[in-house]
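# Coordinates in review
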Amino acid sequence: MLTKFETKSNRVKGLSFHPKRPWILASLHSGVIQLWDYRMGTLIDRFDEHEGPVRGVHFHSSQPLFVSGGDDYKIKVWNYKLHRCLFTLLGHLDYIRTVQFHHENPWIVSASDDQTIRIWNWQSRTCISVLTGHNHYVMCASFHPKEDLVVSASLDQTVRVWDIGALKKKSASPADDLMRFSQMNSDLFGGVDAIVKYVLEGHDRGVNWASFHPTLPLIVSGADDRQVKLWRMNETKAWEVDTLPSHMNNVSSVMRTGIQTFRREHDRFWILAVHPEINLLAAGHDNGMIVFKLERERPAFALSGDSLFYAKDRFLRYYEYSTQKDSQVIPIRRPGTPSLNQSPRTLSYSPTENAVLICSDLDGGSYELYIIPKDSVGRSDVVQDAKRGTGGSAVFIARNRFAVLEKSTSQVLVKNLKNEVVKKSSLPIPTDAIFYAGTGNLLCRSEDKVVIFDLQQRLVLGELQTPFVRYVVWSNDMESVALLSKHTIIIASKKLVLQCTLHETIRVKSGAWDDNGVFIYTTLNHIKYCLPNGDSGIIRTLDVPIYITKVSGNTIFCLDRDGKNRAITINATEYIFKLALLRKRYDHVMSMIKNSQLCGQAMIAYLQQKGFPEVALHFVEDERIRFNLALESGNISVAVASATEINEKDHWYRLGVEALRQGNSRIVEFAYQQTKNFERLSFLYLITGNLDKLSKLMKIAEVKNNVMGQFHNALYLGDVKERVKILENAGHLPLAYITASVHGLNDIAERLAIELGDNVPSLPEGKTPSLLMPPPPIMCGGDWPLLRVMKGIFEGGLESANRGGTVDEEEEDVEGDWGEGLDKFDVDGMENTDIEAILDGVEAAEDEDDEEGGWGGLEDLELPPELDTPKASANARSSIFVTPTQGMPVSQIWSQKSSLAAEQAAAGSFDTAMRLLHRQLGIKNFAPLKSMFLDLFSGSHSYLRAFSSSPVVPLAIERGWSESSSPNVRGPPALVFDFSQLEAKLKSGYKATTAGKLSEALRVFLSILQTIPLVVVESRREVDDVKELVIIVKEYVLGLQMELKRREMKDDPVRQQELAAYFTHCKLQTPHLRLAYFSAMTVCYKAKNMATAAHFARSLLDTNPTIESQARTARQVMQAADRNMTDATALNYDFRNPFVICGSTYVPIYKGQKDVACPYCTARFVPSQEGNICSVCDLAVIGADASGLLCSASQVR
């Protein structure tokens, strides 16, 4: 049983296959009817009008209809194209069990619990016959596939066969039906349209199902007596011929005879359906349905040069590709048994010995070895005794040696042609199948990986993690292999180095390599291709699945499910073109562009995606697409031509943006003029230093009464008098006065002061005004200089292809007529509209009547007509300016090469840096690191000023750069943080601690702890130093946090003593440890805890304190404690039991108690703190999984 599709749903009571499409209807106990595509595994539609369970459902053989019957006594006819119920047939008085369309007439037969069978005309929507006779529920009724018979099964323990010949002879037109309707009512239970032909009695319990054989005069029935009976019939009688008593429970549905047993432990099966044309069955059960087939249909075959050996109809056959001649070779039968070897799974051929190995699933896995006589091709009468053996797989590995897999022991037996074991070898993995992988090599498959194993040297040559591999296809040169899974294709090298992976939603069926190294494969309904880089596409669709055996040029040779050889011609242009692009065979690309019909949105999108928009330009005639492609490829001349054709504001704007990016100021000006965008023109003239045109634009703004535009232009020009005049005319006299006064225009300022009178604004005293004056242009900027380069490979090549010549790689001709090639716009010959012309048009408009449209003339600029594309002389030497290809940014190189978080941050890849820190150290709180990320990024980049009209040039600063460094090899980025800085910070932290500045010391130590993840060192020894520094600083941060907390707690003396005691258990430098002991001793002594104070005094004296006052105080405390060695209050502190301190709650975690740690600073915490941010380093998540600190390239190597 090969399961093809399975669903989970309510109990399935009815099933019906569509005769043509891969669809199946399932009617559920919940009242829903589902329409599934079992090939794609998707739910297409659901129909939900029945009230209660739907027990019967059936597709029409030719119309887009299906019929359903349910427990609501209704029969509904549906149109699945319209997604609705067309009409309902009423008449039954109880549950409807089954419904079925007639194969020719417009009839429906239905069986019901009201003990009747009804035949309906679905065109006239009337009941045309009622079949009565059963005296219990009628469980099913169905038409004979060819004759005028109906078979029914009932719980009255009988099967009845009805003759409906008389009904067929009557007219089935709607008018006749209506005429007969009254007669039918009068004789409702005694009609003569259908008569009982046979009553089959033999079951001991109620009969649940009966159906006709599609071709033979047989009936099969199943009943509650757990038996399946087979009945034969002729013209006069019917009799029982066989009983099949194998079921363990009631039989509810039957389709011919049993072959295998399928069982579900907790589900009952209710209904079976068989596909009318192909080898598929479906079974409905309590929790869904299964679509399956009983046996494999894939023929076993082996390719050898120009010939194919394959198994079909119990014969080994031979097919020659060149002559397309097909012949039988030998029968493959088991001597002594009448049955032949069924369903070979694999076939392996040794051409030198003319030997064939055939493997099948018989006896749990077996093989048969045949030696083909030289003269037996074409003769099928030679029956030979095959050499047999058991084994999961068998395959030839050399001329006269084959390998057999023993699954139980994962061993391979190497045998000779006499079937004798020559060698035994254990396999490196538990293997369930072996495949050929070159002479002496095996490809071993397990559940989730494959390995290539050399049997001679007993070495694993390659290993690859894969989904469960079903088939293995080697390329002709054995350099590549395709591993086919159910929905995946993996392409790998001969050493199993992964090249690409391809996922399919539909099952992959077969595949073969073509002569160019492209893998051609089939799914259930497509022939597709896969290029070496993983790009794939559809070659053509399929009506039925095929199994590819060989690909030669444009022909695919294959076997169909009937085992017939077929040759299918395909159009390989698309994938050959893509392959040529992939392999940079641009001469082939150019020739295909000129000679092939390559077009379509998919091809254009592919070329854009792969970075060849200039190639896509040659396919496109639509001006909008040409415009987009030209912008993408930087071809400004084609973009101008297309924008002129389209002549829309948005396209001119985008052209201006691209031209500005390329520094082509003339085209920027032209584009802005086309859209009358005076603001952008003003700024363009400012940055290019074109003051003449800027002053003309100011006059245009004045004529258009555009005060802001006029003021901006005056500001750009540095014309102070004009600015004062504009402000005065606009009524802003105070601003005009201030502007004139500041810029030294005293006569104008005096005149304005008189006009203002008492409202003269006062200027601030003692301040020097900064004047709003633009820098004067030193040089007027034109177009940016472009590199003088040869034409691109596609442009030059296509031009020579136009001339019918060939492309010579050494002397590529760059002359020729470019007008025909790409319809480019002559940018050099293009004249921009003079601003004077615009100004003249504006002034002329002043004379017109206001009512005629005011400034309407301004909106219709007198621009020159579209220029014809000039054609260069065919003999004139010319060089083309082409924008150089943009290189890879240094930051991107850094990001690709490094796995250190600091270098990723320096490259600007903050996301990557954060992911690395999270993975390595469990860091989740990145707020403290934000400023350091920014410092790293800005510290590894510098900027140089370029031309006034061009952006600044970024420079990457590399670590360890020298003048002798190669310019083509990029070093790692320079970093602003290094280990020596941290050592200096550590000393300042020690100094602050000694001086008692604990808050400042804590800030320094915390800064060190948060900087360490972004430090990079060179050697392994320095890595150890960094890790040691983390531990040192962590101890100080924890200790200082506790000490500061103690000093805040004035009103809790017990907690004060505990924190002081815990502080002494931090691993501090000796001077600081003495201070901690002295502080704890003092606090405990004051609280009358003499025993604890004596412990700290003793510990202090053990450190040999250098300050005499500390030693003297400690001795005095010990003397006082000796007289009264008691504690006034109990503390949560036991210095005899080793412990660590929780970094969050500051309680001891004694040895043996559970704890969790910070993955970065290793601080310990009580288990309840797991998942919180570490309170010591304030970075990492407590208890998170992390791989460890990575701060040196030496760790990666």
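Residues numbered from 1 in each chain as written. Predicted model: local features only at pLDDT ≥ 70, side-chain atom pairs only at ≥ 80, totals over all residues. Heavy atoms only, no water.

## A closer look at the overall build of the chain
Looking only at helices and strands, one finds 31 helices and 59 strands in the chain. Within the chain, the proportion of its 1197 residues that are buried is 49%. When the accessible surface of the chain is summed, it comes to about 59000 Å², and 49% of that surface belongs to carbon and sulfur atoms. (Helix = DSSP H or I, 4+ residues; strand = E, 2+ residues; numbered from the N terminus. Buried < 20%, exposed > 50% of the residue type's maximum accessible area, 1.4 Å probe, protein only. Areas by Shrake-Rupley, 256 points an atom, 1.4 Å probe, with all protein chains shown as cover.)

## A closer look at the pairing of strand E9 (residues 84-90)
A regular strand places its side chains so that they alternate between the two faces of the sheet. Two strands pair when backbone bridges link them, and strand E8 (residues 74-79) and E9 are joined in this way by six bridges, in the antiparallel orientation. Looking at the pairing, isoleucine 75 lines up with leucine 89 of E9. Hairpin connection from E8 to E9: four residues lie between these consecutive antiparallel strands, with histidine 83 at a positive phi of about 60°. (Pairing = 2+ DSSP bridges.)

## Some remarks on the UniProt feature "repeat: WD" (unreviewed entry) in the chain
In the UniProt entry, the feature "repeat: WD" (unreviewed entry) is given for residues 5-46, 47-88, 89-130, 131-164 and 200-241. Along residues 131-164, the helical share is 0% and the strand share 59%, with 10 Å between the first and last C-alpha atoms. (UniProt positions renumbered as here; feature names shortened; annotations may be inferred.)

## A closer look at the pattern of salt bridges
As enumerated under the stated definition, the model contains 35 salt bridges in all. A salt bridge links aspartate 286 to arginine 268, with the shortest nitrogen-to-oxygen separation between them at 3.1 Å. Residue aspartate 286 is located in the loop between strand E23 (281-285) and strand E24 (288-293), and its partner arginine 268 is located in the loop between strand E21 (238-244) and strand E22 (269-274); the two are separated by 18 residues in the primary sequence. For aspartate 286, a relative accessible area of 15% puts it in the buried group. The class of arginine 268 is partly exposed, set by a relative accessible area of 43%. (Salt bridge = Lys/Arg side-chain N within 4 Å of Asp/Glu carboxyl O.)

## Things to note about the environment of leucine 921
Relative to the assigned elements, leucine 921 resides in helix H22 (residues 910-921). Relative accessible area serves as the criterion here: at 2%, leucine 921 is assigned to the buried category. The sequence separation of leucine 921 and valine 1181 amounts to 260 residues, and the corresponding C-alpha distance is 8.8 Å. When residues no more than four places from it in sequence are discounted, the contact partners of leucine 921 are Pro1013, Pro1159, Tyr1160, Ala1180, Ala1186, Gly1188 and Leu1189. (Contact = heavy atoms within 4.5 Å.)

## Comments concerning the packing of H22 against helix H23 (residues 930-939)
The N-to-C vectors of H22 and H23 enclose an angle of 130°; their axes lie 12 Å apart at closest approach. Regarding the angle of H22 to H23, the classification is oblique. In the crossing of H22 with H23, the sense of the turn from one axis to the other is right-handed. For the pair H22 and H23, the contacting residues are Phe910, Ala913, Met914 and Leu917 in the first and Phe933, Leu934 and Phe937 in the second. (Axes fitted to C-alpha atoms, helices over the stretch in contact; angles between N-to-C directions. Parallel < 35°, antiparallel > 145°, perpendicular 65-115°, else oblique. Left-handed = near helix turned anticlockwise from the far one by under 90°.)

## Things to note about the packing of aromatic side chains
Tallied over the full model, the rule gives 32 aromatic pairs. An angle of 55° between the planes, with centres 5.4 Å apart, marks the rings of phenylalanine 5 and tryptophan 36 as tilted. Of this pair, phenylalanine 5 sits in strand E1 (residues 2-8) while tryptophan 36 is found in strand E4 (residues 33-37), placing the two residues 31 residues apart along the sequence. Tryptophan 36 matches phenylalanine 5 in its accessibility class, with the two residues each being buried. Here the aromatic residues Trp23, Phe47, Phe59, Phe66, Trp78 and Tyr80 are joined through ring pairs into a cluster of three or more. (Phe/Tyr/Trp six-rings, centres within 6.5 Å; stacked < 30°, edge-to-face > 60°.)

## Brief notes about the nonpolar core
Ranked by internal contacts, the top residues of the largest apolar core, which has 88 residues, are Phe1005 and Tyr1160. For this core, the leading source of residues is helix H26 (residues 1020-1048), giving 11 residues. Each residue touching tyrosine 1160, except ones within four places of it in the same chain, is listed here: Leu921, Leu1009, Ile1012, Pro1013, Val1030, Cys1177, Leu1179 and Ala1180. Ranked by size, the runner-up nonpolar core spans 60 residues in total, among them Val518, Tyr529, Ile548 and Leu684. (Core = buried A, V, L, I, M, F, W, Y, C linked by side-chain atoms within 4.5 Å.)

## Description of the sheet that holds strand E46 (residues 519-523)
The strands that make up a sheet pair up through hydrogen bonds in the backbone, lying either parallel or antiparallel. The sheet built from four strands is open, its strands ordered E45-E46-E47-E48 with antiparallel pairing. Looking at which strands have only one partner, the edges of the open sheet turn out to be strand E45 (508-513) and strand E48 (536-541). Each strand of the sheet is rotated relative to its neighbour by a mean of 25°, with strand direction disregarded. The pairing of E45 with E46 spans five bridges and is classified as antiparallel. Residue pairing for E46: alanine 512 is matched across the bridge by isoleucine 520.

## Quick look at a nonpolar patch on the surface
On the surface, Leu944, Val953 and Leu955 cluster together into a nonpolar patch covering about 230 Å² of accessible area. Tracing the backbone shows leucine 955 in strand E55 (residues 953-956). (Patch = residues over 30% accessible without salt bridge, like charges linked within 9 Å, V, L, I, M, F, W, Y side chains within 5 Å.)

## Describing the packing of helix H14 (residues 720-729) against helix H15 (residues 733-742)
Contact geometry for H14 and H15: axes closest at 8 Å, N-to-C directions at 165°. When the axes of H14 and H15 are compared, the pair comes out roughly antiparallel. Note on packing geometry: the crossing formed by H14 with H15 is left-handed. The residues of H15 that touch H14, namely those facing Val720, Arg723, Val724, Leu727 and Glu728, are Leu733, Leu735, Ala736, Thr739 and Ala740. A class-by-class count of the residues in the contact of H14 with H15 yields seven nonpolar, one polar and two charged. (Nonpolar A, V, L, I, M, F, W, Y, C, P; charged D, E, K, R; others polar.)

## Some points on the side chain of arginine 160
By the secondary structure assignment, arginine 160 is in strand E16 (residues 158-163). Engagement of the side chain of arginine 160 in a polar contact is seen with the backbone oxygen of glycine 133, the distance being 3.3 Å. Ignoring sequence-local partners within four residues, the contact set of arginine 160 consists of Gly133, His134, Val150, Val151, Ser152, Val196, Tyr198 and Val199. (Polar contact = N/O pair within 3.5 Å; in protein donor to acceptor, adjacent residues only side chain to side chain.)

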